[in-house]
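Here are the chains, one letter per residue:
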Amino acid sequence: MKIRLLTSAFNDLADGRDFYEQQAAGLGSYFLDTLFSDIDSLVLYAGIHRKVFRLHRLLSKRFPYAIYYQLETDDTVVVCRVLDCRQHPGKIRAALKKPR
């Protein structure tokens, strides 16, 4: 199984890294390591997560972030967004409705 991250997901990860790096030195790198580990777990566990807003949602183990992804027919996992769960639900819904 292959994993492909969309530009929007990379941008979300960069925003999260910047936020946590401002909180404490090195925390941004830890954030990225943790989220990429969660994303890598999709090789084994893709498709078992609950669907929210028509996308599968994997909740991060260490940070309040959700990884939204979909399965493609060619055995590829496409990570669409990586969003902070502390946002207003309407903002999350709007972010997921934007065209990729």
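My aim in this report is to walk through the structure given alongside it, one point at a time.

The rules we used
Residues numbered from 1 in each chain as written. Predicted model: local features only at pLDDT ≥ 70, side-chain atom pairs only at ≥ 80, totals over all residues. Heavy atoms only, no water. Helix = DSSP H or I, 4+ residues; strand = E, 2+ residues; numbered from the N terminus. Polar contact = N/O pair within 3.5 Å; in protein donor to acceptor, adjacent residues only side chain to side chain. Contact = heavy atoms within 4.5 Å. Buried < 20%, exposed > 50% of the residue type's maximum accessible area, 1.4 Å probe, protein only. Disulfide = S-S within 2.5 Å. Axes fitted to C-alpha atoms, helices over the stretch in contact; angles between N-to-C directions. Left-handed = near helix turned anticlockwise from the far one by under 90°. Patch = residues over 30% accessible without salt bridge, like charges linked within 9 Å, V, L, I, M, F, W, Y side chains within 5 Å. Areas by Shrake-Rupley, 256 points an atom, 1.4 Å probe, with all protein chains shown as cover. Salt bridge = Lys/Arg side-chain N within 4 Å of Asp/Glu carboxyl O. Core = buried A, V, L, I, M, F, W, Y, C linked by side-chain atoms within 4.5 Å. Pairing = 2+ DSSP bridges.

## Topic: the side chain of Thr-34
- Position of Thr-34 among the secondary structure elements: in helix H2 (residues 27–40).
- A polar contact is formed between the side chain of Thr-34 and the backbone oxygen of Tyr-30, at a distance of 2.9 Å.
- Aside from chain neighbours lying at most four places away, what touches Thr-34 is Ser-60, Arg-62 and Phe-63.

## Regarding unusual backbone geometry
- Phi angles above zero are rare outside glycine, and Arg-54 is one such case at about 70°.
- Inspection of the secondary structure puts Arg-54 in the loop between strand E2 (51–52) and strand E3 (55–59).
- Judged by its relative accessible area of 78%, Arg-54 is exposed.
- Of note, Asp-75 is a non-glycine position whose phi angle comes to about 65°, a positive value.
- Mapped onto the elements of the fold, Asp-75 is located in the loop between strand E4 (65–71) and strand E5 (76–84).

## Digging into the state of the cysteines
- Across all of its chains, the model carries zero disulfides by this definition.
- With no disulfide of its own, Cys-80 lies closest to Cys-85 among cysteine sulfurs, the gap being 15 Å.

## Quick look at the packing of helix H1 (residues 7–23) against H2
- Where H1 contacts H2, the axes come no closer than 7 Å and their chain directions differ by 145°. In the crossing of H1 with H2, the sense of the turn from one axis to the other is right-handed. In this structure, H1 contributes Phe-10, Leu-13, Gly-16, Arg-17, Tyr-20, Glu-21 and Gln-23 to the contact, and H2 contributes Leu-27, Gly-28, Ser-29, Phe-31, Leu-32, Leu-35, Phe-36 and Ile-39.

## Details of a nonpolar patch on the surface
- A cluster of nonpolar side chains, contributed by Met-1, Val-43, Leu-44, Tyr-45, Ile-48 and Leu-71, occupies part of the molecular surface with about 630 Å² of accessible area.
- Broken down by element, the nonpolar patch gets its largest block of residues, three residues, from helix H3 (residues 42–45).
- For Leu-71, the position within the fold is in strand E4.
- With relative accessibility at 43%, the residue Leu-71 sits in the partly exposed group.

## Focus on the nonpolar core
- Counting residues in each nonpolar core, the largest one holds 18 residues, and the members touching the most others are Leu-13, Phe-31, Leu-35, Val-79 and Val-82.
- Residue assignment for this core shows that the elements contributing at least two residues are H1, H2, E4 and E5.
- For this core, the element with the highest residue contribution is H2, accounting for four residues.
- In this structure Val-79 touches Ile-3, Arg-4, Leu-5, Leu-6, Ala-9, Ile-39, Leu-42, Ile-67, Tyr-68 and Tyr-69, once residues within four positions along its chain are discounted.
- With 11 residues, the next largest nonpolar core counts Leu-6, Tyr-68, Val-78 and Leu-83 among its residues.

## Structural notes on the sheet that holds E2
- Read from one edge of the open sheet, five strands run E1-E5-E4-E3-E2, paired in mixed fashion. Every interior strand has two partners, whereas the edge strands, strand E1 (2–5) and E2, have only one.
- Strand direction decides the pairing type here: E4 and E5, joined by seven bridges, are antiparallel. Counted as the bridge partner of Tyr-65 is Asp-84 from E5.
- Strands in contact with H1 are E1, E4 and E5; relative to E5, the strand with the most contacts, it is inclined by about 35°.
- Sitting on the sheet, helix H4 (residues 89–97) is in contact with E3, E4 and E5, with an inclination near 145° to E5.

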